[in-house]
Amino acid sequence: MSKLDAYDNYLADNGPAALVIREPLMSVEGTDGVIFPATYAAAENSRVFAGGYNIDTFDDGSNICLIDSVGSQANRIEPIFDDRECDGRYEELVPQLRVQAGEKEVSILEAGHRAGDALVRCSELATELNAAFQAVLKGDCLPLAKSAPTSLVFGVWDSRDTQAKLPRLLTSTIRAFDVRKLTRSAQFTPATTYIDDGLLEDTKDKKLRDAYSERGFIHVPASGSHGGIIADGGVRRDATLSLSALRQTCRTTDPEERKKLQRYILGLALVAFTYPTTGYLRQGCNLVLNPDQTREFKEVHGNGERKDAQITHEQALEFAQAAAKDFGIGESKTVPFDKKLAKADLKKKEK
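Reading the values: the criteria
Residues numbered from 1 in each chain as written. Predicted model: local features only at pLDDT ≥ 70, side-chain atom pairs only at ≥ 80, totals over all residues. Heavy atoms only, no water. Pairing = 2+ DSSP bridges. Helix = DSSP H or I, 4+ residues; strand = E, 2+ residues; numbered from the N terminus. Axes fitted to C-alpha atoms, helices over the stretch in contact; angles between N-to-C directions. Buried < 20%, exposed > 50% of the residue type's maximum accessible area, 1.4 Å probe, protein only. Polar contact = N/O pair within 3.5 Å; in protein donor to acceptor, adjacent residues only side chain to side chain. Contact = heavy atoms within 4.5 Å. Salt bridge = Lys/Arg side-chain N within 4 Å of Asp/Glu carboxyl O.

Under an unreviewed UniProt entry, the protein has the name CRISPR-associated protein (Cas_GSU0053) and belongs to Thalassoglobus polymorphus.

Now the structure itself:
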């Protein structure tokens with residue numbers, strides 16, 4: 001078996017439905033350490049969600065707290081393919097498309113909506129990717145794979161233009177179970193007593209007092225703010241690579257080209273899937289594997305059978321490199337942001 005056909009069983013019609021990783025995690029401080037989840041803005045109806053931590057509580061009193069969402073995990077993983085990241089280890093796997101926006105070069109791998117992002121629509125990449133989305137609507141993903149292959153792995157929706165939409169093949173989420181929510185309080189003390197020392201005028205004017213507070217000249221108390229959670233039921237990352245979705249969506253008309261396309265996208269997905277995403281997520285949330293619990297890596301078949309899977313990140317990378325060479329990745333380029341295209345894009349909204 002060569003490197004190229006090493007995972008062809010995943011692309012067969014009767015292949016596994018998915019690969020699934022379940023990783024028990026813990027705070028670097030220990031299983032009872034305090035973790036700071038992501039915080040979210042309130043819903044339009046604050047009775048539905050008042051903002052803060054996303055904790056779902058059930059009738060039996062148990063709850064689940066979202067630590068890192070699907071979108072957040074994707075945004076952490078996708079940039080590894082940027083040649084400026086990870087010492088360029090994965091740069092040969094995808095074309096490097098960038099837009100010069102002011103003084104900053106922004107990679108399409110950083111753009112929130114990927115190939116459907118405003119950054120792309122407002123550059124000369126727009127024509128190329130519009131044609132690619134038009135091909136997707138006709139069932140041909142090959143042009144999109146040549147230009148923006150990670151859009152096929154992490155999903156894309158050209159919602160402002162063609163409406164072409166592809167699902168996420170790879171999802172990863174971190175949740176904490178049976179959590180206790182904490183609050184915290186703090187007191188800011190200025191370096192000196194500016195008003196008492198006559199360095200600033202005393203005042204009862206609220207606007208000026210607020211300015212003193214905002215600029216750090218007076219004492220500022222902060223009470224009852226988010227203080228993290230303790231996860232009595234543990235923390236777990238659940239990641240799924242949907243092979244059945246890959247087989248259904250990553251298609252092109254020529255059977256031989258379709259095999260090359262599916263191997264290429266599978267290679268990228270396996271590299272992303274096996275990439276270690278734990279570690280520092282944000283202030284107060286530094287997660288590591290829990291060595292006392294078993295990490296699961298399974299092939300899940302249509303009949304429900306779950307078999308142990310054994311693919312290391314190095315093996316995934318070797319396969320992805322061979323598949324990318326066989327497929328032939330698209331051209332790398334950096335193009336300028338086009339203000340005229342941006343104005344034209346805004347006019348579409350006005351109609």
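Resuming the write-up.
Before going further, it helps to spend a moment on the sheet that holds strand S18 (residues 333–336). Ordered by their spatial adjacency, 3 strands build an open sheet running S7-S6-S18, and the pairing between neighbours is mixed. Two strands lie at the open edges of the sheet, namely strand S7 (104–107) and S18, each paired on one side alone. Across the sheet, the mean angle separating the axes of adjacent strands is 30° when strand polarity is ignored. When strand S6 (residues 97–101) meets S18, the two strands line up parallel, connected through 4 bridges. Bridge assignment links glutamine 100 to a residue of S18, and that residue is proline 336.

This brings us to the side chain of aspartate 238. With respect to the secondary-structure elements, aspartate 238 resides in strand S13 (residues 235–242). Assessed through its relative accessible area of 17%, aspartate 238 is described here as buried. A polar atom in the side chain of aspartate 238 sits 3.2 Å from the side chain of arginine 22. Reaching out from aspartate 238, the side chain makes a polar contact with the side chain of arginine 236 at a distance of 2.7 Å. The residues touching aspartate 238, leaving out its near neighbours within four places in the chain, are Ile21, Arg22, Thr171, Ser172, Thr173 and Arg175.

Inspection of the entire model under this criterion finds 20 salt bridges. The shortest N-O distance in the salt bridge between aspartate 8 and arginine 263 comes to 2.7 Å. Here arginine 263 lies in helix H8 (residues 255–274) and aspartate 8 lies in the segment before strand S1 (18–27), a separation of 255 residues in the sequence. A relative accessible area of 22% means that aspartate 8 is categorised as partly exposed. The class for arginine 263 is buried, based on a relative accessible area of 10%. The closest approach of N and O atoms between aspartate 82 and arginine 84, which form a salt bridge, is 2.9 Å.

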